[in-house]
Amino acid sequence: MSSRSHLFSPLTVGAVPTPNRIWMAPLTRSRAGQPGDVPTELNARYYAQRASAGLIVSEATQISREGQGYAWTPGIYTDAQEAGWRRVVEAVHHAGGRIALQLWHVGRVSHPLLQEGGQPPVGASPIRAEKTECFVVLPDGTPAQVPVEAPRELSQPEIRRIVGEYAAAALRARRAGFDLVEIHGANGYLLNQFLDLRANQRRDEYGGSLPNRARFLLEVVDAAAEAVGRERIGVRLSPNGVFSDMSVEGSLETSLYVAAELDRRKIAYLHIAEPDWAGGSPLTEEERGALRRAFSAVLTFCGNYTAARAEAAIAAGVADAIAFGKLFLANPDLPERFRRQAPLNAPDPSTFYGGGEKGYTDYPSLDAVGREAQRGANIRK
Ligand SMILES: Cc1cc2nc3c(=O)[nH]c(=O)nc-3n(C[C@H](O)[C@H](O)[C@H](O)COP(=O)(O)O)c2cc1C
């Protein structure tokens with residue numbers, strides 16, 4: 001067996017057989033078609049280039065206008081968006097891949113400029129996220145990073161409405177052909193705000209105790225599972241993450257509670273975004289082990305992994321798969337590069353968000369590099 005044998009062993013993710021354990025992490029790229037935040041042919045090409053991933057998890061995709069916190073991110077709440085995503089999924093399937101749609105509501109990480117009628121954003125409690133910015137287009141047409149505004153507190157009927165919007169988005173995703181949906185419970189967005197001891201100061205049954213703080217997320221999971229089947233559902237959590245002003249206090253305990261509840265619900269997978277990419281301290285081996293014991297289906301970790309670390313985590317039985325963010329962004333054929341232990345392209349942060357093909361669909365694959373080298377050799381002959 002080669003030193004990469006675990007990474008290249010097949011894995012069944014709920015209803016979906018996958019050929020390897022190298023996942024593409026969800027990556028916001030802010031290149032949806034305008035107006036309407038509709039996925040385009042360019043987006044389809046980008047994802048199809050990365051179809052050799054065991055599973056692609058799409059960029060975070062808002063389930064409603066209210067759920068948007070950044071300009072130019074795609075949605076999954078209009079017919080045009082569903083049709084745009086269908087073209088993306090068809091391109092990925094045609095290239096032999098599998099893809100999950102990450103369902104997103106940003107909650108308080110937004111701004112009136114992104115909201116219907118200039119309303120404030122919504123959240124668990126009326127507490128503004130400190131040192132947190134969102135991305136808007138100003139009234140004069142200039143794009144700008146601006147501090148988020150204070151949210152207003154969601155009422156219980158509104159929470160029920162949003163649960164329904166998640167289920168409707170999951171259904172649209174399946175209609176568009178997605179193999180799975182991933183509920184974004186990480187990185188300081190709405191469901192994470194409800195889990196968080198500081199952002200959630202509610203006194204009703206959605207705040208206070210652990211079961212109360214987890215209630216909204218679990219209601220979303222149950223509604224989505226009823227819509228598309230539990231074997232099509234994944235959840236992303238970020239224990240100890242501090243992104244968008246989340247508190248570390250009680251965070252791991254909360255994630256372990258949620259992991260155990262998700263285990264009982266027999267969903268397809270749990271995806272752990274490790275904190276260190278966004279300023280938090282890395283998870284310890286004990287913390288990863290505790291998550292492993294709490295969740296028995298497919299468990300995936302993400303954050304600063306290399307092929308060697310990923311192989312070791314799977315070999316040790318801690319992880320079933322590993323997701324790669326920046327490496328997959330810059331290397332469309334990442335599994336093949338891992339297999340051949342080939343050099344990796346470096347990601348260019350200046351083109352992460354917004355723009356066109358540059359820094360998006362123009363990272364070369366090994367084959368393209370090989371053809372270039374061959375052409376160079378022919379010219380020199
Ligand atoms: C440009 C960029 C966009 C990201 N967008 C998302 C996103 O839409 N949803 C999400 O859950 N995480 C998002 N993340 C976090 C990544 O999924 C991943 O957790 C992080 O990059 C760490 O993994 P890496 O070290 O392999 O890049 C993003 C990260 C980057 C760099």
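All of these numbers come straight from a predicted model, not from anything done at the bench. (Residues numbered from 1 in each chain as written. Predicted model: local features only at pLDDT ≥ 70, side-chain atom pairs only at ≥ 80, totals over all residues. Heavy atoms only, no water.)

**Side note on the pairing of strand β12 (residues 269-273)**
Thinking step 1. The element β12 is extensively covered by neighbouring structure, given that five of its five residues are classed as buried.
Thinking step 2. Neither face of β12 is left uncovered, since the one carrying Tyr269, His271 and Ala273 and the one carrying Leu270 and Ile272 both have all their residues buried.
Thinking step 3. Relative to β12, strand β11 (residues 233-237) runs parallel, the two being bridged by four bridges. Pairing of Gly234 across the sheet is with Tyr269, part of β12.
Thinking step 4. For the crossover from β11 across helix α6 (residues 251-265) to β12, the handedness is right-handed. (Buried < 20%, exposed > 50% of the residue type's maximum accessible area, 1.4 Å probe, protein only. Helix = DSSP H or I, 4+ residues; strand = E, 2+ residues; numbered from the N terminus. Pairing = 2+ DSSP bridges. Right-handed = clockwise from strand over helix to strand, strands pointing away.)

**Re the site of the ligand**
Thinking step 1. Near the ligand lie 18 residues; those nearest to it are Pro26, Thr28, Arg236, Asn304 and Lys326.
Thinking step 2. Between the ligand and Asn304 there is a distance of 2.7 Å, counted from an oxygen atom to a backbone nitrogen or oxygen.
Thinking step 3. Contact with the protein chains covers 95% of the free accessible surface of the ligand, which is 610 Å².
Thinking step 4. The site holding the ligand turns out to be the largest pocket.
Thinking step 5. A breakdown of the residues in the shell around the ligand according to their chemical character gives nine nonpolar, seven polar and two charged. (Near = heavy atom within 4 Å. Polar contact = N/O pair within 3.5 Å; in protein donor to acceptor, adjacent residues only side chain to side chain. Areas by Shrake-Rupley, 256 points an atom, 1.4 Å probe, with all protein chains shown as cover. 1 Å grid on protein atoms, 1.4 Å probe; cavity = no way out; pocket = protein on both sides within 12 Å on 5 of 7 lines; lining within 4 Å. Sits in = over half its atoms within 2 Å of the grid points. Nonpolar A, V, L, I, M, F, W, Y, C, P; charged D, E, K, R; others polar.)

**Quick word on the pattern of salt bridges**
Thinking step 1. A full pass over the atoms with the stated rule returns 25 salt bridges.
Thinking step 2. Of the charged contacts, one joins Arg172 and Glu82 as a salt bridge, the two residues approaching to 2.7 Å between their closest N and O atoms. You can see Arg172 sitting in helix α3 (residues 156-175) and its partner Glu82 sitting in helix α2 (residues 79-94), a full 90 residues away along the chain.
Thinking step 3. A residue is classified by how much of its surface remains accessible, and Arg172, at 15% relative accessible area, is buried.
Thinking step 4. Put simply, Glu336 and Arg340 hold a salt bridge, and the shortest N to O gap is 2.8 Å. Of this pair, Glu336 and Arg340 both sit in helix α10 (residues 334-340), four residues apart, which is roughly one turn of the helix.
Thinking step 5. What makes Arg340 partly exposed here is its relative accessible area of 46%. (Salt bridge = Lys/Arg side-chain N within 4 Å of Asp/Glu carboxyl O.)

**Considerations on α6**
Thinking step 1. For α6, which comprises 15 residues, the first-to-last C-alpha distance of 21 Å matches the rise-based estimate of 21 Å (1.5 Å per residue) to within 8%.
Thinking step 2. Taken as a whole, α6 has its buried residues at Ser251, Leu252, Thr254, Ser255, Val258, Ala259, Glu261 and Leu262.
Thinking step 3. Buried residues belonging to α6 abut α4 (190-195), α5 (210-228), β11, β12 and α7 (285-294).
Thinking step 4. Where α6 terminates, the next one or two residues include Lys266, which has phi positive at roughly 55°. (Expected span 1.5 Å × (residues − 1). Contact = heavy atoms within 4.5 Å.)

**What about the environment of Asn20?**
Thinking step 1. As for its position among the elements, Asn20 is in the loop between β2 (16-18) and β3 (22-24).
Thinking step 2. Taking the relative accessible area as the measure of exposure, Asn20 reaches 6% and is therefore buried.
Thinking step 3. Every residue in contact with Asn20, bar those within four places of it in the chain, is listed here: Leu7, Phe8, Ser9, Pro10, Ser52, Ala53, Gly54 and Pro335.
Thinking step 4. Among the polar contacts made by the side chain of Asn20, one reaches the main-chain amide nitrogen of Gly54 at a distance of 2.8 Å.

**Topic: the environment of Ala167**
Thinking step 1. Following the sequence through the fold, Ala167 ends up in helix α3.
Thinking step 2. On the basis of relative accessible area, Ala167 is assigned to the buried category, the value being 13%.
Thinking step 3. Residues Ala167 and Glu116 lie 51 residues apart in sequence; the distance between their C-alpha atoms is 21 Å.
Thinking step 4. Among residues more than four places away in sequence, those in contact with Ala167 are Ala223, Ala224 and Ala227.

**Some points on the side chain of Arg31**
Thinking step 1. With respect to the element layout, Arg31 can be found in the loop between β3 and α1 (41-49).
Thinking step 2. One polar contact links the side chain of Arg31 to the main-chain carbonyl oxygen of Lys358, over a distance of 3.2 Å.

**Some remarks on α5**
Thinking step 1. In this model α5 runs 27 Å from its N-terminal to its C-terminal C-alpha over 19 residues, within 8% of the 27 Å that 1.5 Å per residue would give.
Thinking step 2. Largest kink in α5: about 40°, centred on Phe216.
Thinking step 3. Looking at the residues trailing α5, positive phi occurs at Gly229, about 100°. (Bend = angle between axes of the 7 residues up to and from the residue.)

**Some remarks on the sheet that holds strand β14 (residues 321-324)**
Thinking step 1. Pairing is parallel around the closed barrel formed by eight strands, whose spatial order is β3-β4-β5-β10-β11-β12-β13-β14. Within this sheet the neighbouring strands show an average axis-to-axis angle of 25°, counted without direction.
Thinking step 2. Here strand β10 (residues 180-184) runs beside β11; their pairing, made up of four bridges, is parallel. The residue of β11 that forms the bridge with Glu182 is Gly234.
Thinking step 3. This element, α3, spans β5 (99-104) and β10 of the sheet and lies at about 160° to β5. (Axes fitted to C-alpha atoms, helices over the stretch in contact; angles between N-to-C directions.)

**With respect to the nonpolar core**
Thinking step 1. By size, the foremost hydrophobic cluster in this structure holds 82 residues, and its most contacted members are Ile183, Phe216 and Phe301.
Thinking step 2. Among the elements that take part in this core, α5 stands out by supplying ten residues, more than any other. (Core = buried A, V, L, I, M, F, W, Y, C linked by side-chain atoms within 4.5 Å.)

**Some words on the packing of aromatic side chains**
Given two aromatic rings, their pairing is described by the distance between the two centres and the angle made by the two planes.
Thinking step 1. Following the criterion strictly, the structure yields 14 aromatic pairs and no others.
Thinking step 2. For the pair Trp72 and Phe135, a centre-to-centre distance of 5.2 Å together with 70° between the ring planes defines the contact as edge-to-face. With a gap of 63 residues between them, Trp72 in the loop between β4 (55-62) and α2 and Phe135 in strand β7 (residues 133-137) connect regions that are remote in the sequence.
Thinking step 3. The exposure class assigned to Trp72 is partly exposed, which follows from its relative accessible area of 26%.
Thinking step 4. Summarising the aromatic geometry, the rings of Trp85 and Phe178 are spaced 5.5 Å apart at their centres and angled 65° between planes, so their arrangement reads as edge-to-face. Residue Trp85 is found in helix α2, and its partner Phe178 is found in the loop between α3 and β10; the two are separated by 93 residues along the sequence. The same class applies to Trp85 as to Phe178, namely buried.
Thinking step 5. Among the aromatic residues, ring-to-ring pairing joins Tyr46, Tyr47, Trp85, Phe178 and Tyr360 into one connected group.
Thinking step 6. Here the basic side chain of Arg309 rests over the ring of Tyr305, its NZ or CZ set 4.1 Å away from the ring centre. (Phe/Tyr/Trp six-rings, centres within 6.5 Å; stacked < 30°, edge-to-face > 60°. Lys NZ or Arg CZ within 6 Å of the ring centre and 35° of its normal.)

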